[in-house]
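Listed below are the residues making up each chain.
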Amino acid sequence: MHIVVCIKQVPDSAQIRVHPVTNTIMRQGVPAIVNPYDLFALEEALRLKDKFGGRVTMLCMGPPQAEDALRKCISFGATDAVLVTDRAFAGADTLATSYALTSAIRKISQEQAVDLVFTGKQTIDGDTAQVGPGIAKRLGWNLLTYVSKINAVDLDGRTITVERRAEGGVQRLKTTLPSLITMLEGTNEMRFATMDDMLRAARVPVRKWNKDDAGIEDITKIGLKGSPTIVSKVFAPKARSARAEMQEVGDGASVNDACLNLLQKIFTTHPTLEEETVDRLSA
Amino acid sequence: MAEPDKPQMAAAAAAGAAKTAGRSGRSTELPEHLKAYKGVWVFIEHDRGQVHSVSWELMGEARKLADKLGVNVSGVLLGGPADKLEDFAKEACIYGADHCYIMRDPVLQGYRNEPYTKGLTDLVNQHQPEIMLLGATTMGRDLAGSVATTLGTGLTADCTELNIDGRALAATRPTFGGSLLCTIMTLAYRPQMATMRPRTAAMPRRDESRSGGITTMALGIIETDIVTKLLEFVPDANRNTVNLAYADIIVTGGKGLKNADNFKLVWDLARVLGAEVGATRAVTQAGWCESERQVGQTGKTVRPKLYIAAGVSGAIQHRVGMESSDIIVAINTDPNAPIFDFAHHGIVGNAMQVLPALTHAFRTHLDKRIKRAA
């Protein structure tokens, strides 16, 4: 079995701060990590590799330093890694990104046919969830998004059965290989890296492909040129002009007074809220 | 490089958030053959006999966009023989549509990517809308990404605001986990596509006097053409119990509550108010409550009438999920916590003391009212 896992190196969004004056992202000191959702995808791929054998090839598009993210994945047990990196990819939106990654997956398939492509449900910096569907459509493969569980893989019969999150329930779907799967959060606990794999991760060469190596056929479809969307404005969310009306409390009595005071304020300014609450509780 | 959205954004931000549309290297002019694309479309999502309310929220937004552009709004309905598509179409007009496109086929019973992508793509190619809107649900995002790639056009995900700039759709969305907002446009391609987060737009007013025409179109594929089979749909058992997105009152606990035991105080207050319980990411990660109660960028967007946040600092990722609540009450020991910058009422104090007192105050008051009512 040959699985390709697409990952992205992202800034840890939990640690990002916005400059209060210039409204720009302050990246200094913000660590770059493997997109957390992609790790659920990697773990699922590794579990299939444990079961069926074969290899897991990591694929990432990004600047040269994204090599660190790929080595991290090798340390968990991935077989090898390809970094698609070229100035020509700069400015890519999700449509252009899916074109570049699709070309690279076709190239990887030439070495050994790919059965499955895995990726996380979305990234934590862009949050679009669009690159996975984009790759599937370009490859002409079956698309399974928001997958919470892989029930069965039949390599001889070339089928796969999964559960995917839908609105109000779970769909159980059966389809054929090859397919592209985006994994939901919380599906798998990431394994620990073994000492052997950590040593291997330091040794294994991460292949770096430029646009020609990646087999890009149409350079008008990559980078800024290949991106239909244009970012026209970036800004920080507006702060409400007025701060909260605050009460400081200390001992027991003042706590009770503050709570009564708050209740009065809420219900006198929003009498319908009080009526509706009484109605709901009486029902 | 090679990071969707980001390099453009960094550049735009560096230029002091100036308008940078039309940078070198690509066309921002709409080609002649795409100028015929007219009208705003809303994909109407339905499931087991019910339309997802995000579709009506979108209908309200579509109406505003179309009125600015002087064009029509159309609803698009795909479904199987058992689905009440004509009824939904009538409803769509009551919420603001001028017209509906209906595609009915046995293979469209229950959502699957393949037939829905083909159906929607064919409808767009034939009838050429300039704007196509979908809900940012698991179905809407799956379908929008597939259709946009097939059409080779731009798609903006998970928007919180839609507007018209010139003649183009200006779609605003949170990015970097909600730390920043960015406005994205598709200038040289059609349709301009966007998905919108449920509950970020208000429900439009119903106008029972409105009605509109229906155009039907056949899908043109049969079951044997479709590789992916839907074996089973298992509805959520607790579908009706966790209803955060539509709750009138939400009591949310943050990591300031320190442990799972203290988090029970949140449940106590919620019970007294008949409210839903929400949580921050730190709380769901710590396992104090289930992850579907998470409010914020990576959780649910809510807009209750009353939002009470206890032990919540008000990080931007949380804020983007709840700031359109009518009344925000914050309880926090730190008077400098960011949540006090956008809450309406604040109590600076220990949530472990304030929550029981607040629960007592509400219980006493509401009990009296209920008795009087009874």
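Residues numbered from 1 in each chain as written. Chains lettered and ligands numbered in written order. Predicted model: local features only at pLDDT ≥ 70, side-chain atom pairs only at ≥ 80, totals over all residues. Heavy atoms only, no water.

A tally of regular secondary structure across chain A gives 7 helices and 15 strands. Computed over the C-alpha atoms, the radius of gyration of chain A is 24 Å, more than 25% above the 19 Å expected from 2.2 N^0.38 for a compact globule of 283 residues. Counting only C-alpha atoms, chain A reaches 75 × 45 × 40 Å along its principal axes. The buried share of chain A, reckoned over its 283 residues, is 56%. Considering only residue pairs separated by 6 or more positions, chain A has 71% of its internal contacts joining residues 24 or more positions apart. With an accessible surface of roughly 11,700 Å², chain A has 52% of that area assigned to carbon and sulfur atoms. Charged side chains of chain A number 35 positive and 34 negative; the gap between the two group centres comes to 6 Å. (Helix = DSSP H or I, 4+ residues; strand = E, 2+ residues; numbered from the N terminus. Rg over C-alpha atoms; globule rule 2.2 N^0.38 Å. Buried < 20%, exposed > 50% of the residue type's maximum accessible area, 1.4 Å probe, protein only. Contact = heavy atoms within 4.5 Å. Areas by Shrake-Rupley, 256 points an atom, 1.4 Å probe, with all protein chains shown as cover. Lys, Arg positive; Asp, Glu negative; His and termini not counted. Charge placed at Lys NZ, Arg CZ, Asp CG, Glu CD.)

Interface size, as often reported, equals the accessible area lost upon joining of the parts. At the interface, 104 residues of chain A touch 114 residues of chain B. Summed over both partners, the interface of chain A with chain B comes to about 9,400 Å²; 58% of that surface belongs to carbon and sulfur atoms. A salt bridge links B:Asp142 to A:Arg164; the nearest nitrogen and oxygen atoms lie 3.6 Å apart. At the boundary of chain A with chain B, the tally comes to 38 residue pairs in polar contact (both at pLDDT 80 or more). Considering every element that reaches the side of chain A that touches chain B, the biggest residue donor is helix H6 (residues 252–269) of chain A, with 10 residues. Considering only residue class, the side of chain A that touches chain B consists of 47 nonpolar, 31 polar and 26 charged. Of the strand pairs in this sheet, strand S14 (residues 229–235) of chain A and strand S10 (residues 180–186) of chain B are connected by 6 bridges, and their pairing is antiparallel. Considered in S10(B), the bridge of A:Ile230 is made with B:Met185. (Buried area = accessible area lost by both parts, 1.4 Å probe. Salt bridge = Lys/Arg side-chain N within 4 Å of Asp/Glu carboxyl O. Polar contact = N/O pair within 3.5 Å; in protein donor to acceptor, adjacent residues only side chain to side chain. Nonpolar A, V, L, I, M, F, W, Y, C, P; charged D, E, K, R; others polar. Pairing = 2+ DSSP bridges.)

This brings us to the pairing of strand S17 (residues 327–332) of chain B. Residues and elements named next belong to chain B. The buried count for S17 comes to 6 of 6 residues, which makes it a mostly enclosed element. Covered by surrounding structure in S17 are Ile-327, Val-329 and Ile-331 together with Ile-328, Ala-330 and Asn-332, the residues of both alternating faces. Sheet analysis places strand S16 (residues 306–310) next to S17, joined by 5 bridges and oriented parallel. For Leu-306, the partnering residue across the bridge sits in S17 and is Ile-327.

This brings us to the packing of helix H4 (residues 131–139) of chain A against helix H5 (residues 138–151) of chain B. Two numbers describe how H4(A) lies on H5(B): the axes approach to 8 Å, and their chain directions differ by 45 degrees. The pairing of H4(A) with H5(B) is recorded here as oblique in orientation. Where H4(A) crosses over H5(B), the handedness of that crossing is right-handed. Residue-level inspection shows A:Pro133, A:Gly134, A:Lys137 and A:Arg138 of H4(A) in contact with H5(B), the latter providing B:Asp142, B:Gly145, B:Ser146, B:Thr149 and B:Thr150. (Axes fitted to C-alpha atoms, helices over the stretch in contact; angles between N-to-C directions. Parallel < 35°, antiparallel > 145°, perpendicular 65-115°, else oblique. Left-handed = near helix turned anticlockwise from the far one by under 90°.)

With that settled, the discussion passes to empty space enclosed by the protein. This structure, assessed with the given rule, holds 5 cavities of 30 Å³ or more. A volume near 80 Å³ is recorded for the second largest cavity. Taken together, the residues of the lining of the second largest cavity break down into 3 nonpolar, 9 polar and 1 charged. (1 Å grid on protein atoms, 1.4 Å probe; cavity = no way out; pocket = protein on both sides within 12 Å on 5 of 7 lines; lining within 4 Å. Points joined across faces, edges and corners; volume = space filled by probe spheres on them.)

All names here are of chain A. By the criterion of burial, helix H2 (residues 67–76) is predominantly enclosed, with 7 of the 10 residues buried. Listed in full, the buried residues belonging to H2 are Glu-67, Ala-69, Leu-70, Cys-73, Ile-74, Ser-75 and Phe-76. Two residues or fewer past H2, Gly-77 is found with a positive phi of approximately 130 degrees.

Right, let's get into the state of the cysteines. Residues and elements named next belong to chain B. Under the criterion given, the structure shown has 0 disulfides over all chains. Sulfur of Cys-93: no disulfide; nearest cysteine sulfur belongs to Cys-100 and is 4.7 Å away. Unpaired in terms of disulfides, Cys-182 finds its nearest cysteine sulfur in Cys-159, a separation of 8.8 Å. Using a relative accessible area of 0% as the deciding quantity, one classes Cys-182 as buried. (Disulfide = S-S within 2.5 Å.)

This paragraph deals with the packing of helix H4 (residues 113–127) of chain B against H5(B). All names here are of chain B. Two elements in contact, H4 and H5, have axes whose closest approach is 9 Å; the angle formed by their N-to-C orientations is 50 degrees. Considering the angle they form, H4 stands oblique to H5. The handedness of the crossing between H4 and H5 comes out as right-handed. On H5, the residues touching Asn-113, Tyr-116, Thr-117, Leu-120, Thr-121, Val-124 and Asn-125 of H4 are Asp-142, Leu-143, Ser-146, Val-147, Thr-150 and Leu-151. Tallied by class, the residues present in the contact of H4 with H5 amount to 6 nonpolar, 6 polar and 1 charged.

Turning our attention to the sheet that holds S16(B). Strand order in the open sheet made by the 6 strands is S15(A)-S18(B)-S17(B)-S16(B)-S14(B)-S15(B), with parallel pairing throughout. Each edge of the open sheet is held by one strand with a lone partner, namely strand S15 (245–248) of chain A together with strand S15 (276–279) of chain B. Within this sheet the neighbouring strands show an average axis-to-axis angle of 20 degrees, counted without direction. Direction of pairing for strand S14 (residues 249–253) of chain B relative to S16(B): parallel, over a ladder of 5 bridges. If you follow B:Val251 over to S16(B), its bridge partner there is B:Ile308.

Structurally, B:Arg369 can be placed in helix H9 (residues 351–373). On the basis of relative accessibility, which here comes to 16%, the residue B:Arg369 falls in the buried class. In this structure B:Arg369 touches A:Glu274, A:Glu275 and A:Val278, once residues within four positions along its chain are discounted.

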